[in-house]
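# Observations on the model geometry
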Amino acid sequence: MKANKSAAAAILALTLTLPAGILSTINAADAAPVNEAEATQGAASSNKATAFGNAVYNKATKLLKEQDVAYAKAYITKHIRSVTPYQATMLVLKLENAIDKALSAKTDAIYKIGIQDELMKLYKYGESIQTTINKIKNDALKQMLINLRDGGYKLHTTEGVVFPIVDYKSLEIYKPYINQDIRAYIDIMVVESEKVAVNDGALVISWSEVIQRGVAQENFLQSYPKSNRVADVERMLRFTELSLFYGYNNTPLFMYENNQLDPKARQALDKALAGKDVADHAFLSKLKEWSDVLKANQDRLTEEVQQHRSKAVPLDV
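Notes on the structure follow. (Residues numbered from 1 in each chain as written. Predicted model: local features only at pLDDT ≥ 70, side-chain atom pairs only at ≥ 80, totals over all residues. Heavy atoms only, no water.)

As a further point, take the overall build of the chain. A tally of helices and strands in the chain yields 14 helices and 4 strands. Looking at the 317 residues of the chain, the share that counts as buried comes to 40%. Across the chain, the fraction of contacts at a sequence separation of at least 24, relative to all contacts at a separation of at least 6, is 63%. Only carbon and sulfur atoms are counted for the fraction: they give 56% of the accessible area of the chain, which is about 18100 Å². (Helix = DSSP H or I, 4+ residues; strand = E, 2+ residues; numbered from the N terminus. Buried < 20%, exposed > 50% of the residue type's maximum accessible area, 1.4 Å probe, protein only. Contact = heavy atoms within 4.5 Å. Areas by Shrake-Rupley, 256 points an atom, 1.4 Å probe, with all protein chains shown as cover.)

Right, let's talk about helix α8 (residues 139–150) for a bit. Side chains of residues three or four places apart in an α-helix project in the same direction, reflecting 3.6 residues per turn. The first and last C-alpha atoms of α8 sit 16 Å apart over 12 residues, in line with the 16 Å expected at 1.5 Å per residue. By the burial criterion, the buried members of α8 are Leu141, Leu145, Ile146 and Leu148. Angularly, the buried residues of α8 cover 160 degrees about the axis, an arc narrow enough to put them on a single face. In α8, the exposed residues that point more than 90 degrees away from the buried face are Asp139 and Ala140. Those residues of α8 hidden inside the fold are in contact with α5 (85–110), α6 (115–122), α7 (129–135), β1 (153–158) and β2 (161–166). For α8, the N-terminal cap is asparagine 138; the gap from its side-chain oxygen to the backbone nitrogen of alanine 140 is 2.9 Å. Positive backbone phi, approximately 95 degrees, marks glycine 152, located one or two places after α8. (Expected span 1.5 Å × (residues − 1). Arc of directions from axis to C-beta. Polar contact = N/O pair within 3.5 Å; in protein donor to acceptor, adjacent residues only side chain to side chain.)

Let's shift gears to the environment of valine 317. Residue placement: valine 317 occurs in the segment after α14 (303–312). Given the relative accessible area of 72%, valine 317 is considered exposed.

This part covers the packing of aromatic side chains. What the rule picks out here adds up to 6 aromatic pairs. Plain terms: the ring middles of phenylalanine 220 and tyrosine 224 are 5.3 Å apart, the flat faces sit at 55 degrees to each other, and that makes the pair tilted. The exposure class assigned to tyrosine 224 is partly exposed, which follows from its relative accessible area of 22%. Both rings, one in phenylalanine 254 and one in tryptophan 290, keep their centres 6.4 Å apart while their planes meet at 90 degrees; by these two values the pair is edge-to-face. One end of the pair, phenylalanine 254, is in the loop between α11 (230–246) and α12 (263–273); the other, tryptophan 290, is in helix α13 (residues 282–296), and 36 residues separate them in sequence. Across the pair, exposure class does not vary: phenylalanine 254 and tryptophan 290 are buried alike. (Phe/Tyr/Trp six-rings, centres within 6.5 Å; stacked < 30°, edge-to-face > 60°.)

Structure, rendered in structure tokens:
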């Protein structure tokens, strides 16, 4: 396919520089009947490629249901070039579903006594799963982590335990073959998985980063309202709003001692809203209203502030 595109580009560039007389000769040649044998051969080749692509798609779909996700992922990686963009997109979505579905069992295996203890000694927060694998002497544990890595997982730790989470960077290799909305979705999820927002009941990214993620999430929803992953991004945006309106136990939005807004949260709001026309952005409009109410109450958690946030971002939805 790339060769055909390159040839077409070269011909186009050539025609833009050739004299008119030569162009008329080329056009006359193009108008000549196509060799029937060549046309038949081309059609047969196209049909063969389509048949192979369909076979790949069907087999990959079957593997995702019947085999370990690492095995199915390896097959998809090897053959994704052979399917159509639509088929590739569907396979990546199915792969993500399979990774999510298998996560519970993978986590249970990691939680087993002995395995968890050894991982707690070896794993350092934020390091790659490959770095952890390189430290392991126990062959069984090493193979378990290799399977996690190849299945699209990475390690994370919170509250004294190590567990797998989805490694969305492992899906980036499929971006050239899939539809634009799922490329954008993977970009959003890579940010989330590379730097988890909350750990041990505390916000571990800045308030500005929370807002940036919310903007990206709303942009996705506005750009791809019919995407297969709209519901997922909507849930993420709600999580973002809850963070910005309520904070966390170990990262309170309002200081416990005086009910005053975290100064860093005020700075983040002011920076995000400065000089922006927010009318066409529901998320930023909601933040603008929130910021205005806070300012009217000297950035303190008053009854008016509590009532506003309970209506703007209700907890019981």
